[in-house]
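Close look at the chain arrangement
Next come the chains, spelled out residue by residue.
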Amino acid sequence: MEYVPLRDGYTFAGWYINSSLTTAYTFTTMPAEDITVYAKWDIVSYNITYNLDGGTSGDNPATYTIETSTITLFQPTKEGYTFNGWFDNAEYTGEATTQITLGNTEDIDLYAKWNINQYTITFVSNGGSLVDAITQD
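All of these numbers come straight from a predicted model, not from anything done at the bench. (Residues numbered from 1 in each chain as written. Predicted model: local features only at pLDDT ≥ 70, side-chain atom pairs only at ≥ 80, totals over all residues. Heavy atoms only, no water.)

1. Description of the environment of lysine 113
Summarising the element assignment, lysine 113 is placed in strand β8 (residues 108-116). C-alpha separation for the pair lysine 113 and aspartate 53, spaced 60 residues apart in sequence, amounts to 8.5 Å. Beyond its immediate stretch of four places on either side in the chain, lysine 113 contacts Thr82, Phe83, Asn84, Gly85, Phe87 and Tyr92. (Helix = DSSP H or I, 4+ residues; strand = E, 2+ residues; numbered from the N terminus. Contact = heavy atoms within 4.5 Å.)

2. Things to note about the packing of aromatic side chains
Inspection of the entire model under this criterion finds 9 aromatic pairs. Here the aromatic residues Tyr50, Phe83, Trp86 and Trp114 are joined through ring pairs into a cluster of three or more. Looking at arginine 7, its charged tip hangs above the ring of tyrosine 10, at a distance of 3.8 Å from the centre. Between the NZ or CZ atom of lysine 78 and the centre of the ring of tyrosine 81, over which it lies, the distance is 4.2 Å. (Phe/Tyr/Trp six-rings, centres within 6.5 Å; stacked < 30°, edge-to-face > 60°. Lys NZ or Arg CZ within 6 Å of the ring centre and 35° of its normal.)

3. Topic: the sheet that holds strand β4 (residues 63-64)
In space, the 4 strands of this open sheet follow the order β4-β3-β8-β6, with mixed pairing throughout. On the outer flanks of this sheet lie β4 and β6 (81-87), each paired with one strand and no other. Pairing analysis gives 5 bridges linking β6 to β8, with the strands arranged antiparallel. Among the inter-strand pairings, phenylalanine 83 is bridged to a residue of β8, identified as tryptophan 114. (Pairing = 2+ DSSP bridges.)

4. With respect to the pattern of salt bridges
A side chain with one charge may pair with a side chain of the opposite charge, provided their charged atoms come close. Applying the stated criterion across every chain, the model contains 1 salt bridge. In this structure, aspartate 53 and lysine 78 form a salt bridge, with 3.4 Å as the shortest nitrogen-oxygen distance. Taken as a pair, aspartate 53 in the loop between β3 (46-51) and β4 and lysine 78 in the loop between β5 (71-72) and β6 lie far apart in primary sequence, 25 residues in all. Judged by its relative accessible area of 16%, lysine 78 falls in the buried class. (Salt bridge = Lys/Arg side-chain N within 4 Å of Asp/Glu carboxyl O. Buried < 20%, exposed > 50% of the residue type's maximum accessible area, 1.4 Å probe, protein only.)

5. Observations regarding unusual backbone geometry
Positive phi, close to 60°, is recorded for leucine 21, a residue that is not glycine. Relative to the assigned elements, leucine 21 resides in the loop between β1 (10-16) and β2 (38-43). Of the residues examined, leucine 21 reaches a relative accessible area of 26% and is grouped as partly exposed. Backbone geometry at aspartate 53 places phi at a positive 45°, although glycine is not the residue there.

What follows is the structure, given as structure tokens:
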């Protein structure tokens, strides 16, 4: 029988006979005395994937762990567009995501939503005939 505990955000790395976790304990036969064994844990790193649709993410992190302080996401940039939020789905439904909170334990896919900018060219004819302004994406 194997005794494997669970801990959110960590992988069980074995039992050890000392609290400094330097000497592994192997279960072969029942010991002839009371013993205490200590669990060793390896922290899990979770990935953050940014779907930028041609934008640049800036300084947003690529990974985090259960112990990472809350991450406030930076806005990406894309020439000719205004950023309209990070979403957890490609349809941009639900609430925009602004943070990854302390204690989160999953890989995350984020999608940048963009609104195309409109620009106007205004003509100053300097005494010539009037030319209408042009506004386009």
